[in-house]
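A closer look at the structure
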Amino acid sequence: LHQRGIDNVVASCGTALTEAQGRLLRKYAEKVIISYDSDSAGQAATLRGLEILNNLGCDIRILQMEGAKDPDEYVIKYGNGRFNDLVENAISLVEFKIKVLKKGLNIENTNDKIKFMNEIAKILGGVDNKIEQEIYIDKISSDYNISKEAIYAQINKNEYSNNKGAKILESSSIRKPTIK
């Protein structure tokens, strides 16, 4: 990309972004846009890289491109201007996870929609920023015709279930055997 006039780009050299590379990226940039090859290995690398960068506190975006197998081919085929448009419209980690989740389900089917919404509640439960979480809940509520209250209720139920399990483990590890 740099050879084609696109600045501020780096390559992880291979399909796997390492934690050391992630830390180095984080040192120089808060916002990181990932764009791996569109094949299955590239998509798997995207998911691994996302987790590494997310754990390091980066503002992660994912570049979505169609009509090319990789960013270089895209720039050659469509030009820098269209590539820069893709960069500007890169989607967030939550949006990417929802898009990947939706691929395997038929949202028109009731059972698939329930499964989809339960998984979305898990994804949204992992969003620490409550303002960001509320914005996603508003969008999902509108896009999939489900009440915000139902989404919040499922997130809270998941959180309660996770905390309850942690408390049971915590209390069971504190118990000391009684000697008679």
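1. Some points on the confidence of the model for the chain
Residues with a pLDDT of 70 or more make up 89% of the chain, whose mean pLDDT is 85. Across the chain, the element-wise mean pLDDT spans from 72 in helix 8 (residues 148–174) up to 95 in helix 7 (residues 130–144). In this model residues 168–178 is a low-confidence stretch, pLDDT under 50, and it forms zero contacts with partners more than four residues away in sequence or in other chains.

2. Focus on helix 6 (residues 110–125)
In this model, helix 6 (16 residues) spans 22 Å end to end at C-alpha, consistent with the 22 Å of a helix rising 1.5 Å per residue. The set of residues buried in helix 6 consists of Phe-116, Met-117, Ile-120, Ala-121, Ile-123 and Leu-124. Along the axis of helix 6, the buried positions cluster into a sector of 160°, meaning they face one direction only. Among the exposed residues of helix 6, those oriented more than 90 degrees off its buried face are Asn-111 and Lys-122. Its side-chain oxygen 2.9 Å from the backbone nitrogen of Asn-111, Asn-109 forms the N-cap of helix 6.

3. Looking at the sheet that holds strand 3 (residues 91–92)
The sheet built from three strands is open, its strands ordered 1-2-3 with mixed pairing. Edge strands, defined here as strands with exactly one partner in the open sheet, are strand 1 (31–34) and strand 3. The pairing of strand 1 with strand 2 (residues 59–62) spans four bridges and is classified as parallel. Bridge assignment links Val-32 to a residue of strand 2, and that residue is Ile-60.

What counts and how
Residues numbered from 1 in each chain as written. Predicted model: local features only at pLDDT ≥ 70, side-chain atom pairs only at ≥ 80, totals over all residues. Heavy atoms only, no water. pLDDT = per-residue confidence, 0-100. Helix = DSSP H or I, 4+ residues; strand = E, 2+ residues; numbered from the N terminus. Contact = heavy atoms within 4.5 Å. Expected span 1.5 Å × (residues − 1). Buried < 20%, exposed > 50% of the residue type's maximum accessible area, 1.4 Å probe, protein only. Arc of directions from axis to C-beta. Polar contact = N/O pair within 3.5 Å; in protein donor to acceptor, adjacent residues only side chain to side chain. Pairing = 2+ DSSP bridges.

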